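This is what each chain is made of:
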Protein chains: 2
Amino acid sequence: MNATIDRSLVSALPLFSRMSDAELDDILSMAVSRRYAVGTSVFEQGQAADQFFVLLYGRLRVTQVTPEGQQIIIRMVNPGDLFGIAKALQRNDYPGTSMAVAESVALAWPMTCWDEILERHPSLTINAMQTMGGRLQEAHTRLRELSTEEVERRVAHTVLRLANQSGKKEAGGVRIDFPVSKQDIAEMTGTTLHTVSRILTAWESAGLVEGGRRKLLLKDPHRLLLLGDGHVPGLL
Amino acid sequence: MNATIDRSLVSALPLFSRMSDAELDDILSMAVSRRYAVGTSVFEQGQAADQFFVLLYGRLRVTQVTPEGQQIIIRMVNPGDLFGIAKALQRNDYPGTSMAVAESVALAWPMTCWDEILERHPSLTINAMQTMGGRLQEAHTRLRELSTEEVERRVAHTVLRLANQSGKKEAGGVRIDFPVSKQDIAEMTGTTLHTVSRILTAWESAGLVEGGRRKLLLKDPHRLLLLGDGHVPGLL
DNA sequence: TTCGGTCTTTGAGCGGGCGCAAGGTTCCGG
DNA sequence: CCGGAACCTTGCGCCCGCTCAAAGACCGAA
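Residues numbered from 1 in each chain as written. Chains lettered and ligands numbered in written order. Predicted model: local features only at pLDDT ≥ 70, side-chain atom pairs only at ≥ 80, totals over all residues. Heavy atoms only, no water.

A. Broad picture of the overall build of chain A. Across its full length, chain A carries seven helices and ten strands. Once the C-alpha set of chain A is aligned to its principal axes, its extents read approximately 55 × 40 × 30 Å. Of all intrachain contacts in chain A linking residues separated by at least 6 positions in sequence, the fraction that spans at least 24 positions is 69%. Accessible surface computed for chain A: about 10,500 Å², of which carbon and sulfur atoms make up 51%. With 26 positive and 27 negative side-chain charges, chain A shows a spacing of 5 Å between the two charge centroids. (Helix = DSSP H or I, 4+ residues; strand = E, 2+ residues; numbered from the N terminus. Contact = heavy atoms within 4.5 Å. Areas by Shrake-Rupley, 256 points an atom, 1.4 Å probe, with all protein chains shown as cover. Lys, Arg positive; Asp, Glu negative; His and termini not counted. Charge placed at Lys NZ, Arg CZ, Asp CG, Glu CD.)

B. Spotlight on the packing of aromatic side chains. Applying the stated criterion across every chain, the model contains twelve aromatic pairs over all chains. With centroids separated by 4.9 Å and ring planes inclined at 75°, the aromatic side chains of A:F52 and A:W114 adopt a geometry described as edge-to-face. Linking A:F52 in strand β3 (residues 51-65) with A:W114 in helix α2 (residues 113-120), this pair joins segments that are 62 residues apart in sequence. The class of A:W114 is buried, set by a relative accessible area of 3%. Arranged with centres 5.1 Å apart and planes meeting at 15°, the rings of B:F53 and B:F83 form a pair that is stacked. Placement of the pair is B:F53 in strand β3 (residues 51-65) and B:F83 in strand β5 (residues 82-83), with a sequence separation of 30 residues. Linked through ring pairs, A:F43, A:F53, A:F83 and A:Y94 together constitute an aromatic cluster. (Phe/Tyr/Trp six-rings, centres within 6.5 Å; stacked < 30°, edge-to-face > 60°. Buried < 20%, exposed > 50% of the residue type's maximum accessible area, 1.4 Å probe, protein only.)

C. Spatial organisation of the interface of chain B and chain A. With 39 residues of chain B at the contact, the number on the chain A side is 39 residues. Counting each side, the surface lost to burial between chain B and chain A is near 3,700 Å², with a carbon and sulfur contribution of 68%. The largest per-residue losses of area from chain B upon contact with chain A belong to B:M129, B:L136 and B:L143, which jointly make up 17% of the total buried on that side. A salt bridge links A:R153 to B:E68; the nearest nitrogen and oxygen atoms lie 3.2 Å apart. Counting across the interface, chain B meets chain A through twelve residue pairs in polar contact (both at pLDDT 80 or more). The set of elements that each furnish at least two residues to the side of chain B that touches chain A consists of β4 (71-77), α2 (113-120) and α3 (122-148) of chain B. Among the elements that take part in the side of chain B that touches chain A, α3(B) stands out by supplying 19 residues, more than any other. Its residues assigned to classes, the side of chain B that touches chain A shows 16 nonpolar, 15 polar and eight charged. (Buried area = accessible area lost by both parts, 1.4 Å probe. Salt bridge = Lys/Arg side-chain N within 4 Å of Asp/Glu carboxyl O. Polar contact = N/O pair within 3.5 Å; in protein donor to acceptor, adjacent residues only side chain to side chain. Nonpolar A, V, L, I, M, F, W, Y, C, P; charged D, E, K, R; others polar.)

D. Main features of the sheet that holds strand β10 (residues 215-218) of chain B. Residues and elements named next belong to chain B. As summarised here, the arrangement of the four strands in space is β7-β8-β10-β9, forming an open sheet in which the pairing is antiparallel. Every other strand in the sheet has two partners, leaving β7 (167-170) and β9 (209-212) as the edge strands with one partner each. The sheet shows a mean angle of 25° between the axes of neighbouring strands, direction not considered. Summarising the sheet, β7 and strand β8 (residues 173-176) pair through four bridges and their orientation is antiparallel. (Pairing = 2+ DSSP bridges. Axes fitted to C-alpha atoms, helices over the stretch in contact; angles between N-to-C directions.)

E. The protein's contact with DNA strand C, seen in detail. Around DNA strand C sit 18 residues in total, of which A:T191, A:T195, B:K182, B:S197 and B:R213 are the nearest. Sugar plus phosphate, as a fraction of atoms of DNA strand C within 4 Å of the protein: 63%. The set of elements that each furnish at least two residues to the surface near DNA strand C consists of α6 (193-205) of chain A together with α6 (193-205) of chain B. (Near = heavy atom within 4 Å.)

F. Local environment of the sheet that holds strand β7 (residues 167-170) of chain A. Residue and element names in this part refer to chain A. Spatially, four strands are ordered β7-β8-β10-β9 in an open sheet, and the strand pairing comes out antiparallel. On the outer flanks of this sheet lie β7 and β9 (209-212), each paired with one strand and no other. Averaged over all pairs of adjacent strands, the angle between their axes in this sheet comes to 25°, without regard to strand direction. Sheet contacts for α6: β9 and β10 (215-218); angle to β9, the most-contacted strand, approximately 130°.

G. How the structure looks around the protein's contact with DNA strand D. Around DNA strand D, 18 residues are found, and the nearest of them are A:S197, A:R214, B:V151, B:T191 and B:T195. A share of 66% is what sugar and phosphate atoms reach among the atoms of DNA strand D within 4 Å of the protein. In this structure, a base nitrogen belonging to DNA strand D sits 3.3 Å away from a side-chain N or O atom of B:H194. For DNA strand D, a phosphate oxygen lies 2.5 Å from a polar atom in the side chain of B:T195. Contributions of two or more residues to the surface near DNA strand D are made by α6 of chain A together with α6 of chain B. Examining the composition of the surface near DNA strand D, we find that four residues originate from one element, α6(A), more than from any other. Each residue belonging to the surface near DNA strand D can be placed in one class, and the counts come to one nonpolar, ten polar and seven charged.

H. Spatial organisation of the pairing of β3(B). All names here are of chain B. The buried fraction of β3 amounts to 13 of the 15 residues, a majority that puts the element mostly inside the structure. One ladder, built from two bridges, connects β3 with β5; its direction is antiparallel. Within β5, the position partnered with V54 by the bridge is L82. The pairing of β3 with β4 spans six bridges and is classified as antiparallel. Bridge pairing in β4 links V62 to R75. Turn length for the β3-β4 hairpin, with the two strands adjacent in sequence and antiparallel, is five residues, and the turn residue G69 shows positive phi of about 95°.

I. Looking closely at the relation of the copies chain B and chain A. For these two chains of identical sequence, chain B goes onto chain A by a turn of 180° and a shift of 0.0 Å along the axis, with RMSD 0.0 Å. Classification of the inter-copy transformation places it as that of a two-fold axis. Taken as a fraction of all interface residues of chain B, those also at the interface in chain A reach 100%, which identifies the copy contact as same-surface. (Least-squares fit on C-alpha atoms with pLDDT ≥ 70 in both.)

J. Structural view of the side chain of A:R142. Note on placement: A:R142 falls in helix α3 (residues 122-148). Contact partners of A:R142, with chain neighbours within four places excluded, come to A:I73, A:I74, A:R75, A:R161, A:E187, A:M188 and B:L143.

Structure below.
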């Protein structure tokens with residue numbers, strides 16, 4: 001566990017692009033890898049932010065709970081993603097909870113290394129900034145959707161976004177390759193599981209998707225795109 | 001106009017903190033300053049992103065228009081803010097339009113300088129990252145609000161956020177010190193101007209605020225806070 | 001001062017989607 | 001194989017907040 005992480009695990013990640021082997025080793029020497037079983041949390045909302053992470057395998061769900069107890073899903077963390085970078089948000093605690101929805105492995109660094117690493121590795125700093133830029137854009141997109149679109153269209157966009165980030169081509173469509181409940185979709189979309197259920201049922205009748213207990217297969221992403229007709233990039 | 005910008009104009013800005021005079025001069029030598037009259041745009045959605053900016057004086061409103069023609073306000077730009085950093089979002093065009101709602105002055109750099117400046121001035125890179133972090137947090141806050149709160153509460157939060165960012169203490173309350181229409185508030189809150197008007201009228205009757213044509217005075221921010229009782233930081 | 005444009009107020013009506021509730025289905029541990 | 005937990009479906013009624021509509025208030029320009 002304390003042995004230095006092998007470079008090959010991360011060298012292909014965009015986050016570490018344009019880095020020499022020596023630089024990579026320097027960074028990896030400060031990390032440890034951890035395994036997270038389904039349902040266990042990597043960190044929890046409000047907890048002191050003493051580590052930051054990169055996800056190697058698996059899938060995480062990042063949630064926030066409002067003072068009134070309502071939960072929303074901020075985003076899904078996919079392999080290769082940097083997460084838990086509270087320092088970059090100028091915070092000392094984690095603003096949300098991240099929990100494994102699939103068996104996951106992540107690299108963890110002490111948060112005290114953050115400044116040091118940024119200072120020593122400018123190219124990583126720039127990559128990290130790009131990461132944040134991408135996230136900011138996604139947040140703006142969701143804001144626009146929540147402000148202007150009706151529920152059905154928002155669900156369409158949400159589902160298509162999931163497919164773009166974590167979709168797996170399969171006979172007959174694109175499968176969201178981790179367990180998603182209707183409740184999850186509701187919390188990503190700003191609605192209730194009831195409404196999501198009704199909408200998906202309708203789509204299923206129309207042959208657009210195929211649902212199931214925590215399962216989702218998009219049989220016709222193209223027609224969904226028309227439904228949520230603003231444009232979600234990718235997927236054609 | 002082409003003379004190098006005086007250091008004193010920016011040296012106090014958090015964005016340029018921890019920078020030597022020589023570094024500052026290096027950066028400023030690449031900038032030009034521009035004036036924007038009320039109602040004129042600094043850049044427009046979709047336009048090639050060839051410059052990035054720092055606002056010195058005034059106030060800007062950043063909007064996005066959906067394919068269906070609906071407009072939303074992404075954020076207000078306050079003096080000292082970095083904006084138009086499309087490069088950091090991995091974009092070649094501006095994702096929104098920024099327009100002066102008050103007489104404004106900004107410094108402008110060619111976007112081609114972006115990488116060079118980041119590379120030469122790590123402390124600025126880190127500051128820029130913090131900027132983005134703050135914006136990301138605000139976006140998440142708004143997402144949470146839009147997903148879970150009712151309109152009246154959202155309006156309260158929006159108005160309090162404005163007050164924190166651009167409020168000016170005044171006899172009898174805190175004034176939003178630039179022109180805001182009900183339409184603006186609606187576009188920041190994800191509702192219609194009608195609803196905003198009704199809500200503000202009710203608040204006025206209750207002695208919470210004092211409105212007017214594109215004017216807004218918060219007479220009792222504390223009670224508004226109770227209304228939007230999740231916590232907006234600051235202001236006490 | 002008048003005129004046109006922009007911003008605001010207020011009313012009336014209706015409909016999307018939420019709350020509530022009950023029942024069904026799938027999964028897993030014992 | 002059984003029982004309980006988690007997840008999903010569906011019906012019904014209601015209300016928040018939107019749409020539509022019309023008129024009033026304020027502002028700057030000529």
